[in-house]
Amino acid sequence: MIVQGTPQTIPALNRIWATCFGDSPEYIRFFMEHRFPSCQCFVWLEGETPVGAAYLLPCTLGTHKAYYGYAIGVHPSVQRRGICAELLNYAEQQAIFFLMPRPGIENYYLNRGFRSAFYSCTQRILPHQTMTGELEIKDACAEEYTALRNCFFQGPGYVSWDTDAVAYALEEQRLCGGFAHVLRWQAARYLLFGKIEGQVLQLRESTLPLGLAKELSPLLCSHYNTSELILEYPASSVEDGVPRGCCYNFTLCHSGWLALDLT
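Residues numbered from 1 in each chain as written. Predicted model: local features only at pLDDT ≥ 70, side-chain atom pairs only at ≥ 80, totals over all residues. Heavy atoms only, no water.

Regarding the pairing of strand S3 (residues 49-61)
Among the 13 residues that make up S3, ten are buried, leaving the element largely enclosed by the rest of the structure. Both strand S2 (residues 40-46) and S3 contribute to a ladder of seven bridges, which runs antiparallel. Note that in S3 the partner of cysteine 41 across the bridge is tyrosine 55. The pairing of S3 with strand S4 (residues 64-74) spans nine bridges and is antiparallel. Bridge assignment links alanine 53 to a residue of S4, and that residue is glycine 73. (Buried < 20%, exposed > 50% of the residue type's maximum accessible area, 1.4 Å probe, protein only. Helix = DSSP H or I, 4+ residues; strand = E, 2+ residues; numbered from the N terminus. Pairing = 2+ DSSP bridges.)

A short note on the pattern of salt bridges
As enumerated under the stated definition, the model contains twelve salt bridges in all. Glutamate 205 serves as the salt-bridge partner of arginine 149, at 2.9 Å between the closest nitrogen and oxygen. Remark: glutamate 205 occurs in strand S11 (residues 200-206) and arginine 149 occurs in helix H5 (residues 142-153); sequence separation between them is 56 residues. Arginine 149 sits in the buried class, given a relative accessible area of 1%. Accessibility expressed as a relative area gives 0% for glutamate 205, which makes it buried. With its nearest N and O atoms 2.5 Å apart, the salt bridge here joins arginine 244 to glutamate 232. With arginine 244 in strand S13 (residues 242-248) and glutamate 232 in strand S12 (residues 228-234), this residue pair connects regions lying twelve residues apart in the sequence. For the pair arginine 244 and glutamate 232, a shared accessibility class is recorded, and that class is buried. Via salt bridges that share partners, Arg204, Glu232, Arg244 and Asp261 belong to a single interconnected network. (Salt bridge = Lys/Arg side-chain N within 4 Å of Asp/Glu carboxyl O.)

Just distances and angles here, no functional claims.
Encoded structure:
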């Protein structure tokens, strides 16, 4: 049967999470301390033992209340018995429910009635020209990040979060080896949310327009000690982009923008 998760179930939920996803105890503890109290957690019990869970994080999609499904997993010992489907049945009763499927299981959700959403494009930028100067870059605080993000991405397919959720996303990014910065350039401020992999600067979310990102790429690569930049940004239409997630009980007619998904 399905019950609401409580603080008393957290030790068992930690074990399910670690077994299903392989995350470190530090990461799981970080989520339970900072996001568990504000999410809806559905737990499947076998007798009195939790063996499956789904976490729903509240947010806003356009002007609609919505939930982001995260870390939906069932212990391997009881998989293939329909438990995940039962957890999803509960989650799908929410007004708008969406998630970011793990690679390889997208069809499972599409076959359940989910529809692709939140289309994005990726641009590889090689800084061929030279450019002198220094960039003013600092760590982003949640309040500034939220305000800049909402102003730039707002629209009918935009997933927005309250300040506490953004604060968690920024700290989760740093915990996982990434960064969340604010760039000041010519009196304007821009968000840089990403990580460095080898010689590649990867920006999963940024309010830098593509043209300005190309112009500043020499300085950005110099600052982060990389040789190329990969920028992910909202697609202009669903035909031009690649889906980043999928949505249930809601048809997203616009390309939308998710990002800040906890991956």
